[in-house]
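Coordinate inspection notes
Each chain, written out:
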Amino acid sequence: MDTGTHLVIGLGLAGLSQIDPSVSADTATTTAVFIGTIIGSQIPDVDGLLRFKGNATYIRNHRGRSHSLPALLLWTLLITGALALFFHGIPLLHLGMWVGIAVCFHVFTDCFNTYGTQAIRPFSEKWVSWNIIHIFDPFIFSSHIAAIFMWSFHVASPTLVFPTLYGVLALYYIWRSLDHYIVEKGLFRKDPTYQPGDQYTLIVTFNLYVWNVVKRKQDGSYQLGELKNSKLRWIDTIKCEEHPAIEASKHHEDIQALLYFSSFTCAEVKEHRWGYEVRWADVRYRHRKQYPFVGVILMDHNYQTLDSYVGWVNDTRLEKKLRVDLY
């Protein structure tokens, strides 16, 4: 989820903690849990600081180790221990429980969007991305804002407001998950071009009733489409090229970072007077007829790197980031 949603979830969990008598009975404990759930709901994304080490490092590691199973325990212990230095005599087990819930809930919700996490690390480095909930979901955000408002202005008791909120959200997640499963499994029936072996991936959008569709064909090419009002419309076809320059690009750290993160990449190569331009794109992210999540490497005719870039960018900005004149 986005930072704002994680923040309101942290506030919401602080409100939910009022159902715990050990928290609600003591002002100091309430304050410690309030701080702990807010920090806990944000702390896994501290790996955003890796941007300062370069895009390749950031892409390879964001939502990786910081969202792993050992990290859940580590963040919980660190936050609980730090708060214990300032709040003496409070029930640390209850504080740690609510901090742990906030940390785990952060990772859990991140698994539902397209970017995903390495939530089952160290058992596997697989990216868990279920494509069910958009990174910003208006219902989740607005429902938390409404509940926080009622708590802040004493419209209703937090012991009533927040259990109701999270009960409704549990049903919402179940509904979205079942809807995604049923729709994705039935995509081949809506596709007049279906061939045995075609694989479909249904990707959430901001609109509840509009989905993006990625079809991987047996020849390695992709079809990109949109499912709207239960009607499937194909809007683009991408054929992955083969070239020695593409194979050489796989040894560059920028391209390796993209390939490590995504299994939905496709490459194309253009020859220029100075050498080759190899562009890898993550086909899941299509925006205004472009694929903005790319890895681009420029090489001379001997496949030596001249410049490279990996990350989110459009064609205009890409030209400014690369030192070699593409045209």
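Definitions and cut-offs
Residues numbered from 1 in each chain as written. Predicted model: local features only at pLDDT ≥ 70, side-chain atom pairs only at ≥ 80, totals over all residues. Heavy atoms only, no water. Pairing = 2+ DSSP bridges. Helix = DSSP H or I, 4+ residues; strand = E, 2+ residues; numbered from the N terminus. Domains from an automatic or database assignment. Contact = heavy atoms within 4.5 Å. Buried area = accessible area lost by both parts, 1.4 Å probe. Polar contact = N/O pair within 3.5 Å; in protein donor to acceptor, adjacent residues only side chain to side chain. Axes fitted to C-alpha atoms, helices over the stretch in contact; angles between N-to-C directions.

Going by an unreviewed UniProt entry, the chain carries the name Hydrolase and comes from Paenibacillus ferrarius.

1. Digging into the pairing of strand β5 (residues 265-272)
As paired strands, β5 and strand β6 (residues 275-282) are joined by eight bridges and run antiparallel to one another. Bridge pairing in β6 links T265 to D282. The loop that links β5 with its antiparallel partner β6 comprises two residues.

2. Some details on the domain arrangement of the chain
Each assigned domain of the chain is listed here: domain 1 (3-179), domain 2 (194-238) and domain 3 (244-326). Counting residues at the interface gives 11 residues for domain 1, matched by nine residues for domain 2. For the pair domain 1 and domain 2, the summed buried area comes to about 840 Å², and 67% of that belongs to carbon and sulfur atoms. For the interface between domain 1 and domain 2, the tally reads one residue pair in polar contact (both at pLDDT 80 or more). A total of four residues in the side of domain 1 that touches domain 2 trace back to one element, the largest contributor, which is helix α8 (residues 158-185).

3. Remarks on the sheet that holds strand β4 (residues 231-238)
The strand order across the open sheet formed by four strands is β1-β2-β3-β4, and the pairing between neighbours is antiparallel. Where the open sheet ends on each side, the last strands, each with one partner, are β1 (199-204) and β4. Across the sheet, the mean angle from the axis of one strand to that of its neighbour is 25°, orientation sign disregarded. Relative to β4, strand β3 (residues 222-228) is paired through seven bridges, and the arrangement is antiparallel. Along β4, the bridge assignment pairs G225 with W234. Of the strands in this sheet, β1, β2 (210-216) and β3 are in contact with α8, which crosses β1 at around 150°.

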